[in-house]
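# Examination of the molecular architecture
Each chain is listed here by its residues.
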Amino acid sequence: MEVRKAINTDFAEILDVHKAAFGEKKGPEIAQLVDDLFTDISASPSLSLVAVEKGVIVGHILYTKVTLQGASQGLSCQILAPLAVLPDVQGKGIGRKLIEAGLRELKMGDVQLVFVLGHPGYYPRCGFIPAGELGFEAPYPIPEEHAGAWMVQELFPGNIGSLKGQVQCCHALNKPEHWRE
Ligand SMILES: CC(C)(COP(=O)(O)OP(=O)(O)OC[C@H]1O[C@@H](n2cnc3c(N)ncnc32)[C@H](O)[C@@H]1OP(=O)(O)O)[C@@H](O)C(=O)NCCC(=O)NCCS
């Protein structure tokens, strides 16, 4: 299994991975989000990685730019969304490899903080910790019972504790429907 940067010709296959992974109900909505994110200039810089097995794309991860209100313009932050692995090959570490490869690449690009809204049982395995209690507000309020799903990871020490504020995503992700669950 190889993890590499996505290229233009991967586009249709990437959308299919999201449709299959998220299922009939959520799949089309997530595939549309990926499509929107790919063409959203406010998402840039972004990082799009695919996991490839025997020439077939089996997983995809997207990181896009976010800003932290009140922080200096020089602070580089990203959000992980979305991540998908084909159902047949889930549970084999592909998701984790995509997350970790992305974090390594972002670190090389001097990204300081990475946010994610996702399963609180999954992302802490890759170093994410609850963000709300550290003073990082999501773009839309996260219901108390899901507070643990809003997470952050710092790629260089020093920002957690000294920085606080509301996170703003690119246009495509900064819509309330993406923050309801
Ligand atoms: C979530 C997802 C990307 C994980 O990819 P993966 O390649 O299966 O993950 P990994 O193999 O790295 O990790 C598997 C482990 O994560 C756990 N896991 C998977 N989904 C989980 C979830 N929603 N909540 C908690 N743990 C989860 C598995 O139980 C497994 O645990 P184990 O190692 O103790 O057996 C994949 O299951 C998927 O595409 N799901 C549907 C889409 C989705 O929910 N995307 C994430 C949105 S936040």
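Read on for an overview of the structure. (Residues numbered from 1 in each chain as written. Predicted model: local features only at pLDDT ≥ 70, side-chain atom pairs only at ≥ 80, totals over all residues.)

## Quick look at the site of the ligand
Keep this limit in mind: We call a residue near a molecule or strand when the C-beta position, derived from backbone atoms, sits within 6 Å of it. Secondary structure is summarised from DSSP: a helix means a run of H or I of at least four residues, a strand means a run of E of at least two, and numbering begins at the N terminus for each. When residues are grouped by polarity, Ala, Val, Leu, Ile, Met, Phe, Trp, Tyr, Cys and Pro land in nonpolar, Asp, Glu, Lys and Arg in charged, and all others, Gly among them, in polar.
Around the ligand sit 17 residues, and of these Gln90, Gly95, Arg96, Gly118 and Gly121 come closest. The greatest single-element share of the shell around the ligand, amounting to 4 residues, is contributed by strand β4 (residues 77-85). Tallied by class, residues from the shell around the ligand come to 8 nonpolar, 7 polar and 2 charged.

## Some points on the nonpolar core
Quick note on the threshold: By our criterion, buried Ala, Val, Leu, Ile, Met, Phe, Trp, Tyr and Cys residues that link up through C-beta atoms within 7 Å make up a nonpolar core. Exposure is read from a count of other C-beta atoms within 10 Å of each residue's own; the residue is exposed at 12 or fewer, buried at 20 or more and partly exposed in between. C-beta atoms are placed from the backbone. Each residue gets a C-beta atom placed from its backbone, and two residues are in contact if those atoms lie within 7 Å.
Ranked by internal contacts, the top residues of the largest apolar core, which has 51 residues, are Ile79, Leu80, Val114, Phe115 and Val116. Of all the elements in the fold, those that place two or more residues in this core are α1 (11-39), β2 (47-53), β3 (56-68), β4, α2 (94-108), β5 (113-117) and β8 (150-154). Of all the elements, α1 adds the most residues to this core, at 9 residues. Filtering out sequence-adjacent residues up to four positions away, Val114 remains in contact with Gln78, Leu80, Leu103, Leu106, Val152, Gln153 and Leu155.

## Regarding the environment of Lys97
Among the secondary structure elements, Lys97 is positioned in helix α2. Its 18 C-beta neighbours within 10 Å are what place Lys97 among the partly exposed residues. Considering only alpha carbons, one finds Lys97 and Val58, 39 residues apart in sequence, at a separation of 12 Å. Setting aside anything within four residues of it in sequence, one finds Lys97 in contact with Val3 and Ala51.

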